[in-house]
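# Examination of the molecular architecture
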Amino acid sequence: MKTGMGFKSLTEFVDHFKDEATCREHFAKIRFRDGEYCPHCGHSEIYRFKSGARYRCAKCKVDFTIKTGTVFGESKLPLRKWFIAIYLLSTSSKGISSVQLAKQVGVSQKTAWFLNHRIRAAMKQNNGQLFGSVEMDETYIGGQEKNKHRSKRTSGTQGRSVKTKVPVIGLVERGGEVRAEASDRVGMRQVEKLIVQHVAMGSKLHTDDWGAYSHIGRLFLHEIVNHSTGQYARPGGVHTNTIESFWALFKRGFQGVYHSMSRKHLQRYVNEYAYRWNIRPGDLQDVFSDMVNRVSQSNQLSYNRLTEKFA
Ligand SMILES: [Zn+2]
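Below is a short write-up of the structure. Worth saying up front: this structure is predicted, and the values here are computed from it rather than measured.

Turning our eyes to something else, we now look at the overall build of the protein chain. Tallying secondary structure elements over the protein chain gives eleven helices and eight strands in all. Counting only residues that meet the buried cut, the protein chain has 30% of its 311 residues in that class. In the protein chain, 60% of the contacts between residues at least 6 apart in sequence involve partners at least 24 apart.

Here it is as structure tokens:
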């Protein structure tokens with residue numbers, strides 16, 4: 001969605017969206033990009049009141065605002081605060097904690113937590129398949145192990161244990177996008193499912209020598225780097241360094257910004273980091289409007305669902 005706006009800093013952004021009316025106008029352009037319509041009956045003939053804030057449908061005669069029927073309409077927050085939160089979360093490369101977000105946006109920490117999850121949920125992407133040289137690897141995210149009492153901690157959980165850690169399997173196209181999924185278990189079946197879903201035929205897969213990757217060669221060209229014998233790259237560009245730098249970014253965020261990610265929310269955090277990885281620097285000016293559009297349509301994630309206990 002091209003808007004032609006380039007924001008070089010938060011200050012520029014905040015200066016541009018100086019009041020609620022400006023934010024409403026911007027959201028109207030996004031929401032009605034294919035023509036105006038009534039959110040109650042879908043009719044395309046609507047009138048706008050002079051104040052600019054309200055509309056009325058010519059057919060069903062019901063009044064509405066630009067926020068009606070979207071996430072923004074369900075919340076009492078001004079659009080401007082939503083916009084600032086969306087901007088911050090889309091552009092902070094390491095992520096932003098609820099505490100920081102609360103301070104910057106000027107809302108309570110509880111509201112910031114809700115905003116954070118709502119925006120993160122909208123970051124789920126459904127892009128095309130990866131193609132070319134694709135690296136695949138998995139990592140293990142440590143739940144809240146460090147918060148447990150010493151006697152309840154399990155030692156020796158490094159590596160490929162899923163007892164206290166949640167596996168995340170990732171794929172990255174060199175010079176391209178990343179796909180990553182948290183999973184309850186990781187084995188041949190999960191590996192195969194992800195490859196079929198995310199990798200175009202004719203690609204070349206790079207993995208380490210773990211057993212779950214051993215059948216890839218039946219479907220794709222497959223290059224293996226023998227991590228188990230201390231080998232990290234082979235001549236001809238055989239390595240998994242790209243996906244490992246994504247894991248490094250993700251783990252820095254995990255440790256430095258969010259401290260812990262519950263199992264229940266882990267996929268949303270994974271989506272957040274993948275989303276930012278997949279944004280090209282030149283796209284930044286359009287990222288914001290794209291996110292506003294996504295967030296506005298993410299009605300299904302209610303506060304109750306977010307706070308339900310993880311079963
Ligand atoms: Zn109507």
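Moving on from the coordinates now.
Ordered in space as β1-β2-β3, the three strands form an open sheet in which the pairing is antiparallel. Both edges of this open sheet fall to β1 (46–48) and β3 (63–65), since each of them pairs with a single strand only. Neighbour-to-neighbour, the strand axes of the sheet open up by a mean angle of 35°, direction not taken into account. In this structure, β1 lies alongside strand β2 (residues 54–57), joined through three bridges in antiparallel fashion. Considered in β2, the bridge of I46 is made with C57.

Helix length check: helix α6 (residues 109–121) (13 residues) gives 18 Å between terminal C-alpha atoms against 18 Å at 1.5 Å per residue, within 8%. Within the sequence span of α6, burial applies to A112, F114, L115, N116, H117, R118, I119, R120 and A121.

To characterise two packed helices, one gives the angle between the axes of the helices and the distance between these axes. Two elements in contact, helix α2 (residues 20–31) and helix α4 (residues 79–91), have axes separated by 8 Å at closest approach and are oriented at 70°. Between α2 and α4, the interaxial angle falls into the category roughly perpendicular. In this structure, the crossing between α2 and α4 has a hand that is left-handed. In this structure, α2 uses E20, C23, R24 and F27 to contact α4, whose residues at the interface are L79, R80 and F83. Tallied by class, residues from the contact of α2 with α4 come to four nonpolar, no polar and three charged.

Here is what the cut-offs are and how they apply
Residues numbered from 1 in each chain as written. Predicted model: local features only at pLDDT ≥ 70, side-chain atom pairs only at ≥ 80, totals over all residues. Helix = DSSP H or I, 4+ residues; strand = E, 2+ residues; numbered from the N terminus. Buried ≥ 20, exposed ≤ 12 C-beta atoms within 10 Å, placed from the backbone. Contact = placed C-beta atoms within 7 Å. Pairing = 2+ DSSP bridges. Axes fitted to C-alpha atoms, helices over the stretch in contact; angles between N-to-C directions. Expected span 1.5 Å × (residues − 1). Parallel < 35°, antiparallel > 145°, perpendicular 65-115°, else oblique. Left-handed = near helix turned anticlockwise from the far one by under 90°. Nonpolar A, V, L, I, M, F, W, Y, C, P; charged D, E, K, R; others polar.

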